[in-house]
Each structure stands twice: as structure tokens, then as C-alpha cells.
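# A look at the structure
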Amino acid sequence: MTTDECYVLIRHSLTRHSSLAHSTFKKMEHFINNQRHTPDSGQYIEVINPCTAEVVGTCARGNTADVHAALTSAGAAFQTWKKQPAAHRVKLQHEAARLMRLYSYEIADMLARELGRPLAGCIHEISRSADLLDFYAEEALRMKGEIPLHNLEGEKALVVRQPIGVVVAITPFNYPITLLCMKIGAALPMGCTVVAKPSEDTPLSTLRLAEIFKEAGYPEGVFNVITGYGHEIGNALVEHPITSKIAFTGGTNTGKRIGALAAAHNKRVTLELGGQSPVIVCEEADLSVACPAIVKHAFANSGQFCYRVNRVYVHQNVYEAFVEKITALANRLKVGDPFSNSDMGPMVNRKIYQNSEVQVADALQKGGTVKTGGSRLTGEDYDKGWFFPPTIIADTNHSMKIMTEETFGPVIGVMKFSTNEEAVALGNDSEYGLAAYVFSGQLGTGLRMAEELEAGSVWVNNIHRSYQDVPFGGVKQSGIGREKGRYGLEAYTELKTIYLNY
Ligand SMILES: NC(=O)c1ccc[n+]([C@@H]2O[C@H](COP(=O)([O-])OP(=O)(O)OC[C@H]3O[C@@H](n4cnc5c(N)ncnc54)[C@H](O)[C@@H]3O)[C@@H](O)[C@H]2O)c1
Ligand SMILES: C[N+](C)(C)CC=O
């Protein structure tokens, strides 16, 4: 679908189906107990379009009183929601997914404005998220307990699963809807209630989602959204006695801080954190497969992608050919306004943009060579936004930030290796362990490397999005726990053993 076609559909969706015109998302309140909730502070945060520097809307600046109101609402709702038949909760979730598809163009339009990602990608995010809700709903019906065959007269032990309680779902800016659906899609059908806290950069689409869940028929207090700065309301959300679990996606430092506080209060956590994902391109790899896959996965969402390709290790005998091919492909990407058929938009804010600038300067100072990109885009189309072009740095080594620190931007480092053992050691020479990739003409080599690489997911001979029915998550500093699949659902339950004597 072209951007123009998408746009026609957005207008159609707005006029035919939506209860919310653009003007009404200029000022958004918290969403508590199925109602808009004015912030106790009376203050609002401006949400800026990273492309044009215009104010897209405002969201409430939460404080501890708002946190208490949201958690109290979720706590009260939990008492009845946990008793609902699973089939009822699942039916509501399918309805929410249906409405998300119905309003997808409208939510995508909002997302494109607050995040700056090309519209087609935003639409894809909404439809994938609706699919995830459907998947979790179906899988929820297959959750089971167990009765061991003790064969004892008049006695049985029952192992049952119960909802964990009230969940605080904290999400980052880069995929606000998908990353939230990874949490609520599992928590709600398991009988938990939720208080969501979206990023202050991209809160509007999440607030709209909450209204859609209300329209789907969710009772008051089951799904609440509170907005504000993490450093102002984060501790209150984690420490509050009503909170049972924190499901967090975001930076490693933030996640570790939340994990430490949660541990002090014995709360459950799932932490999906930063990454610095390596690719190994072996001597016999098919470059016509590897190069397009790497370019697509390094620069999607302007590199603001948790398991994007960050560093590439290429066998010395194919290094020159690889660099030439990958540079040519990166040069074809169009950077610009999300509504202009672009492949890449701007970075979401100055801080994220500066990571890329700092890492490029560091690599150049230490002997790296910029093959394409490397500095801020300027000109009439770019001056107001945080536009950084696709950037490839060759001749890198592990003294450079680009090979060791998370970039979260459209910059990759490329380095030569001479043996496969050396490549795996370089791949594992990182504090992170979210994802890794191998391209090899030898299936055995690919599989061996996949087993040896320290990462939660490894792709061999292709790179694509993670699937709904298999677990996703990180090892080392990239996180604790898994989302997606039945593992994602189990993470919102507690096991209870009942010894039944009769
Ligand atoms: N592993 C994954 O699946 C995955 C997916 C997407 C993004 N990420 C990571 O997210 C990061 C980028 O997102 P970001 O810049 O929005 O991350 P961030 O850590 O700055 O913020 C994430 C969320 O945490 C909140 N927050 C900030 N301080 C807090 C505190 N003290 N207590 C509670 N909440 C707090 C923020 O307001 C935001 O909602 C990258 O590091 C990226 O790797 C990881
Ligand atoms: C998993 N995903 C792509 C939705 C978010 C990563 O940033």
C-alpha cells in the first residue's frame, strides 16, 4: 500500500468510524476507570512531532496522587475481573483487536506524528499488534493446570494458575502499541488488571488505545493509562502496595533501577532491555541474501529498534564486496517526512539523535571510515527535525562505542574477522544479549554459531520480525523473562498447589 492510499484510508476511517477527531487529541488526560482523569498537578507535557518540531498534542503530567488513583482503580477492578470466565475475557480481547484494525489508520496517523516513523510502518505496527492480541487470546484458552498421578486414596494435589494481580506496564517510545500489547495482551486474558505508563515522547496512541478497549466492552478499571515523566512517577508505580508485577521495556539502566526497586518490595518483573546485536557474515555466505536483510534490519524505524543490527563481522575474504554492496543498498533509502513515502523518518528526540552523532565521532577519531552518511541531514526538508541518515562505518574495532554501546540509531559498524571462532568470540564480547544473526552457506556452521552466541534469539540466514508464538527476550544485560507465546502468558500467573483430601 502506498502512503497516498494509506492516507485516503485514514481520512475514511476518521470520518466514518472514529469518535475522536484530530482536534480532540490536542489535550489528553490520564485514562482511569474508563474515564478521562484530569492530572492532580494541573500540568501537561507537550508532545512534539520530531519531524517538524510542532506540538502534536499534550498529555497529563502525572504525580503520585494520579498513580494512587490509577492503581486503586486497577486494584478494585481486579477483584471482579479475576473471577470472569476465561472465555469472556478472551471474547473482549478479540473485539479489541477487531476495533484496532477498524481504527488502525487513525492510530497510525497519531503514531506517525508523535514518533516520526513512516506511515506504512505505523499501520503495520497496529495490525501486527491486533494479531498479537488475537494470538494471546487463543493461547489463553489453552492454558492448563495439572494433577499429578499420585494415586493416593482420598487425596489429590491440584496445580492451578492464578492471575498475578495488578500489573504496571511501562513502555518506551519506539513501538508504543506493539510493546504495550505484548504486555496487556497476556495480562488481561490471564485475569490481571493493568496500569500502563507510556513514554512521554509517544503517549497519545496509547491513550487512544485505552479508549478503544473501553469501546470493546472492558469494564471500568481493567485497563488504565497514566502519563508523565518516568523519573517523577516511576518509583511510585513500582513501590505501591497494589502493584504485583512490573512489565517493563526500555533502556538497560532504567530497567535495572526498576528491577532493584521491585526486588526490594518483592514484586515480580519482566524486563525487556537494551541490545547491541551482532551479525556474522561467513566466507561462504550468500551476500545477495545477507546484505538486503542487514540493511533492512539496521535502518528500520531509523534504527530505533530493540534488536536492530548494530555491528557486523565479515570474513576477510568477502569484506570488500560486502561493504560495497551494503553501502549501495543503504544509499537507496529515502529519509524524510513520514507522510512522504520515505523509508526512514527522524530520530524521536535530541537525546536519541545525539547517540548516533557521538558514536560516529568516536569511531572516526579511532580510525573508522564512514562509507555513507555520518552527519546530520540539513536543508529545508530536514532542518526542523532530528534527521540522521543511514550510516555505515567500516574498519571498526572493539575500542569504539559503535561496537560496544547501544546506538539506537541508524548507524552500523563493520569489522573483519579471519576465523569463525574469532567471529563468535567478537559477537559475544558484549554486555548485551538480545539478538544475534548468522549468515553461512554451511547449515552446520550456522547452527553451531547460533548455539554458541549469547542471545535470547538468533536468526540464521535471514532476518525477520520475531514470531508471536515463540518467546522473545534477552540474556545478560538485555533483560529478564520472556514475552510472546505461552511463555508470555505464564508470566502473568502464579502457580498454586492445592492438596485436596476427600
Ligand atoms: N528488549 C526489548 O524488547 C526492547 C524493545 C524496545 C526498546 N527497548 C529499549 O528501550 C530503549 C529506548 O527506549 P526509551 O528511550 O523510551 O527508554 P527509557 O528507559 O528511557 O524509557 C522507557 C520508559 O521508562 C520510563 N521511565 C524512565 N525512568 C523511569 C523510572 N525511574 N521508573 C520507571 N519508569 C521510568 C519512561 O518514561 C518510559 O516510559 C532502548 O534502550 C531499547 O533497546 C528494548
Ligand atoms: C519487538 N519490536 C520490534 C516490536 C520492538 C523492538 O524495538
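Above this text sits the structure in question.
Per-chain numbering applies: the sequence of each chain, read as written, is numbered from 1 onward. Each chain is given a letter, starting from A, and each ligand a number, starting from 1, according to the order in which they appear as written. Under the rules for a predicted model, residues below a pLDDT of 70 receive no local features and side-chain atom pairs below 80 are neither given nor counted, while totals for whole chains, interfaces and linings still include all residues. Hydrogens and water are ignored here; the side-chain numbers use all heavy atoms of the structure.

## A look at the pairing of strand β5 (residues 55-60)
Moving residue by residue along a regular strand, the side chains alternate between the two faces of the sheet. For the exposure calls, accessible area comes from a 1.4 Å probe over protein chains only, and a residue counts as buried if that area is under 20% of its type's maximum, exposed if over 50%, partly exposed in between. Secondary structure elements follow DSSP: runs of H or I no shorter than four residues count as helices, runs of E no shorter than two count as strands, and numbering proceeds from the N terminus. Within β5, five of the six residues are buried, which leaves it mostly tucked inside the rest of the structure. Between any two strands, at least two bridges found by DSSP are needed for them to pair. Bridge count between strand β1 (residues 27-28) and β5: two bridges; the pairing is parallel. Residue pairing for β5: K27 is matched across the bridge by T58. Bridge count for strand β4 (residues 44-48) against β5 is five bridges, and the pairing is antiparallel. In the strand pairing of β5, Y44 is matched with A60. Hairpin connection from β4 to β5: six residues lie between these consecutive antiparallel strands, with A53 at a positive phi of about 65 degrees.

## Looking at the pairing of strand β19 (residues 457-460)
Alternating positions in β19 separate cleanly, S457 and W459 being buried on one face and V458 and V460 remaining unburied on the opposite face. Judged from the four bridges that link them, strand β18 (residues 435-439) and β19 form a sheet pairing that is parallel. Pairing of Y437 across the sheet is with W459, part of β19. Handedness of a crossover is defined as follows: with both strands directed away from the viewer, a clockwise route from the first strand across the helix to the second makes it right-handed. This β-α-β element, β18 to helix α15 (residues 443-452) to β19, shows right-handed connectivity.

## Regarding unusual backbone geometry
Backbone geometry places N301, a non-glycine residue, at a positive phi of 50 degrees. Along the chain, N301 falls in the loop between α10 (287-299) and β13 (309-315). The backbone of K476 sits at a positive phi, close to 55 degrees, despite the residue not being glycine.

## Thoughts on the sheet that holds β18
An order of β14-β15-β16-β13-β12-β18-β19 is seen for the seven strands of this open sheet, with the pairing classed as mixed. The open sheet has two edge strands with one neighbour each: β14 (369-372) and β19. Mean inter-strand twist for the sheet, computed between neighbouring axes without regard to direction, equals 20 degrees. Where helix α12 (residues 350-365) meets the sheet, its contacts fall on β14, β15 (391-394) and β16 (411-417), and the angle it forms with β15 comes to roughly 25 degrees. To get an axis, a line is fitted to the C-alpha atoms, and for a helix only the part in contact is used. The angle between two axes follows their N-to-C directions and goes from 0 to 180 degrees. Contacts between residues were defined by any pair of non-hydrogen atoms, one from each residue, lying within 4.5 Å.

## Regarding the state of the cysteines
For this text, the term disulfide refers to a pair of cysteine sulfurs within 2.5 Å. According to the stated counting rule, one finds zero disulfides in the structure shown. For the unlinked cysteine C291, the closest cysteine sulfur is that of C282, found at 13 Å. Its relative accessible area of 0% is what places C291 among the buried residues.

## Considering the site of ligand 1
For this purpose, a residue is taken to be near a molecule or strand whenever a single non-hydrogen atom of the residue falls within 4 Å of it. In the vicinity of ligand 1 lie 28 residues, with K197, E200, T254, L273 and E406 positioned nearest. At 3.3 Å, a backbone N or O of F173 approaches an oxygen atom of ligand 1. Polar contacts, as used here, are pairs of N or O atoms within 3.5 Å; protein pairs need one atom able to donate a hydrogen and one able to accept it. Residues neighboring in sequence count only if both atoms are side-chain atoms. One nitrogen or oxygen atom from the main chain of G250 is found 3.4 Å from an oxygen atom belonging to ligand 1. When isolated, ligand 1 has an accessible area of 850 Å², and the protein chains bury 90% of it. More than half of the atoms of ligand 1 fall within 2 Å of the grid points belonging to the largest pocket. Going through the elements one at a time, α8 (230-239), β10 (243-249) and α9 (252-264) are the ones with two or more residues in the shell around ligand 1. In terms of residue count, α8 provides more of the shell around ligand 1 than any other element does, three residues in total. Classes in brief: Ala, Val, Leu, Ile, Met, Phe, Trp, Tyr, Cys and Pro nonpolar; Asp, Glu, Lys and Arg charged; the others, Gly included, polar. Grouping the constituent residues of the shell around ligand 1 by class yields twelve nonpolar, twelve polar and four charged. Where a domain begins and ends is set by an automatic assignment or by a domain database. Looking at which domains feed residues into the shell around ligand 1, each of domain 1 (3-273 + 479-498) and domain 2 (277-468) supplies at least three. Only the protein chains shown count as cover for residues, with accessible areas throughout obtained via the Shrake-Rupley method and a probe of 1.4 Å. Within this scheme a cavity is a closed region of a 1 Å grid, computed over the protein atoms alone, that accommodates a 1.4 Å probe without allowing it to escape, whereas a pocket is open but has protein on both sides within 12 Å along at least five of seven lines; lining residues each have an atom within 4 Å of a point. Think of it this way: a molecule belongs to a cavity or pocket when more than half its atoms come within 2 Å of the grid points there.

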